[in-house]
Amino acid sequence: MVLIDALVIKVRDGQVANRPVYVAVGIDLEGHRDVLGLWMGPTGGEGAKQWMNMLTELRNRGVADVCIVCCDGLKGLPDAITAIWPLATVQQCVVHLVRNSLRYASKKYWSKITRQLREVYTAPTIAAAEARFAEFAEQWRSLYPAMIQMWENAWGEFVPFLKFPPEIRRLIYTTNGIESLNARFRQATRRRGHFPNEQAAMKVLYLTVLERRPNRTNPTGQIAGWKAILNTLSITYGDRLGIN
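Since the model is a prediction, treat every value here as computed from it, not as a measurement.

Caption draft 1: Focus on the overall build of the chain. Helix and strand counts for the chain stand at ten helices and six strands. The burial tally for the chain puts 47% of its 244 residues in the buried class. The long-range fraction of contacts in the chain, counting pairs at least 24 apart against all pairs at least 6 apart in sequence, stands at 63%. Total accessible area on the chain stands at roughly 12800 Å², and carbon and sulfur atoms take up 51% of it. Of the charged side chains in the chain, 31 are positive and 21 negative; the average position of the first set lies 9 Å away from that of the second.

Caption draft 2: Representation of the pattern of salt bridges. Summed over all chains, the structure comprises four salt bridges. Note that E57 and R61 form a salt bridge whose closest N and O atoms lie 3.4 Å from each other. Looking at E57, the relative accessible area reads 33%, which means it is partly exposed. With a closest N to O distance of 2.9 Å, D65 and R240 form a salt bridge. Highlighted residues: D65 in the loop between α1 (48–60) and β4 (68–71) and R240 in the segment after α10 (226–237), separated in sequence by 175 residues.

Caption draft 3: The arrangement of the nonpolar core in detail. If you look at the biggest cluster of nonpolar residues, it comprises 45 residues, and the most contacted ones within it are W151, F158 and L233. Secondary-structure elements contributing two or more residues to this core are β4, α3 (94–104), α4 (110–121), α5 (126–140), α6 (145–158), α7 (166–172) and α10. Considering every element that reaches this core, the biggest residue donor is α6, with seven residues. Non-local contacts of L233, meaning those with residues more than four positions away in its chain, are made with M1, I68, F164, I168, W226, G238 and L241. M54, A80, I84 and A88 belong to the second largest nonpolar core, which has 20 residues in total.

Caption draft 4: Local environment of the sheet that holds strand β5 (residues 89–92). The strand order across the open sheet built from six strands is β5-β4-β1-β2-β3-β6, with neighbouring strands paired in mixed fashion. The outermost strands of the open sheet, each flanked by one partner alone, are β5 and β6 (221–222). Two strands pair when backbone bridges link them, and strand β1 (residues 2–13) and strand β2 (residues 15–27) are joined in this way by twelve bridges, in the antiparallel orientation. Bridge pairing in β2 places I4 opposite A24. Along the sheet, α1 contacts β1, β2 and β3 (32–40); its crossing angle with β2, the most-contacted strand, is approximately 40 degrees. Packed on one face of the sheet, helix α9 (residues 198–210) meets β1, β2 and β3 and runs near 170 degrees to β3.

Caption draft 5: Representation of the state of the cysteines. Evaluation of the coordinates by the stated rule reveals zero disulfides. For the unlinked cysteine C70, the closest cysteine sulfur is that of C93, found at 5.3 Å. You can see C71 has no disulfide; the closest cysteine sulfur is in C70, sitting 6.6 Å from it. Residue C71 is classed as buried on the basis of its relative accessible area of 0%.

Caption draft 6: Just the packing of α3 against α4, in detail. Orientation of α3 relative to α4, taken along the N-to-C sense of each, is 150 degrees, at an axis distance of 10 Å. With respect to α4, the axis of α3 lies roughly antiparallel. In the packing of α3 onto α4, the handedness of the crossing is right-handed. Packed against α3, whose contacting residues are V94, V98, S101 and L102, the element α4 presents W110, I113, T114, L117 and Y121 at the interface.

Caption draft 7: A look at a nonpolar patch on the surface. The grouping of Y206, L207 and L210 at the surface amounts to a nonpolar patch, some 330 Å² of accessible area in total. Position of Y206 relative to the elements: it lies in helix α9.

Caption draft 8: Looking closely at the environment of Q116. You can see Q116 is positioned in helix α4. Each residue touching Q116, except ones within four places of it in the same chain, is listed here: F136, Q139 and W140. A polar contact of 2.7 Å, which involves the side chain of Q116, links it to the side chain of W140.

Caption draft 9: Layout of the confidence of the model for the chain. Summing up the model confidence of the chain, the mean pLDDT is 88 and the portion of residues at 70 or higher is 98%. Confidence, read as mean pLDDT per element, is least for α7 in the chain (79) and greatest for α5 (96).

Cut-offs applied
Along every chain, residues carry numbers that run from 1 in the direction the sequence is written. Under the rules for a predicted model, residues below a pLDDT of 70 receive no local features and side-chain atom pairs below 80 are neither given nor counted, while totals for whole chains, interfaces and linings still include all residues. Calculation of side-chain values draws on the structure's entire complement of heavy atoms; hydrogens and water are dropped beforehand. Per the convention used, a helix needs a DSSP run of H or I reaching at least four residues, while a strand needs a run of E reaching at least two, with both numbered from the N terminus. Only protein chains enter the accessibility calculation, which uses a 1.4 Å probe; a residue whose area is less than 20% of its type maximum is buried, one above 50% is exposed, and one in between is partly exposed. Residues are treated as being in contact if the distance between any of their heavy atoms lies within 4.5 Å. Accessible surface area values rest on a Shrake-Rupley calculation with a 1.4 Å probe, where residue burial reflects the displayed protein chains alone. By the counting rule applied here, Lys and Arg register as positive and Asp and Glu as negative, while His and the ends of each chain are not counted. By convention, the charge on Lys lies at NZ, on Arg at CZ, on Asp at CG and on Glu at CD. We define a salt bridge as a side-chain nitrogen of Lys or Arg found within 4 Å of a carboxyl oxygen belonging to Asp or Glu. The term nonpolar core refers to a set of buried residues drawn from Ala, Val, Leu, Ile, Met, Phe, Trp, Tyr and Cys, joined through side-chain atoms within 4.5 Å. Strands were regarded as paired on the criterion that DSSP finds at least two bridges between them. All axes here are fitted lines through C-alpha atoms, helices being fitted over the stretch that makes contact, and every angle between N-to-C directions spans 0 to 180 degrees. Criterion for a disulfide: a pair of cysteine sulfur atoms within 2.5 Å. Under this scheme an angle from 65 to 115 degrees is roughly perpendicular, one under 35 degrees roughly parallel, and one over 145 degrees roughly antiparallel; angles in between are oblique. By convention the crossing between two helices is left-handed if the near helix lies anticlockwise of the far one by an angle smaller than a right angle, and right-handed if it lies clockwise. Surface patches are drawn from residues lacking salt bridges whose relative accessible area is over 30%; two like charges belong together within 9 Å, two nonpolar side chains (Val, Leu, Ile, Met, Phe, Trp, Tyr) within 5 Å. Counting of polar contacts relies on pairs of N or O atoms within 3.5 Å, with two restrictions inside protein: one atom must be capable of donating a hydrogen and the other of accepting it, and residues adjacent in sequence are counted only when both atoms are side-chain atoms. For every residue, the pLDDT score states the predictor's confidence, bounded by 0 at the bottom and 100 at the top.

Okay, here's the thing in structure tokens:
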């Protein structure tokens, strides 16, 4: 599995500018979670073309196949992923979807919308999720048509995790694992305001990955309950895992 996301930091190269930092976290067949790469992109925000360059580098470094890639809803990103790993299942982060839904809605409806959406993404089957979403869409389409259209456009990348049992769903339905790492990055970079150059910024991010905090989930380490997860994955992906 690979989880990808990006954050923005300030770097001064001539003048202070916002620069996206692309982050990829992988989980291997032994259940080890590790940071596969950190790349700083040019100014202008996160882009699918930039992601394609990063993912190509991962493939060239030896990541020949990926079963599941969890990402945000960036336009063009699913196509970039499948161009690199044609057999990969692309899972859009549910937390991003819910968060983006609230951008379209009045704050007074937020709790009601999140409660109803929870019934969609915790549904036991895809059919049940479709039924729950149909009810949700019927209620909100007239008031917030853009919110409903966003979910309809993302549905193909939203539903893959519903095929799995809860222990795997927790791993792949959200990029929270990488977002917690990004939260550490932001904490480490916020105090500095901006960095004098790209090298200084990347050095701080790298040292943040290596930092270990007691009684906290760290960016790298063993996934709890991995044997049960691997058994389920082997049923779904079979020979692709190369387990004899």
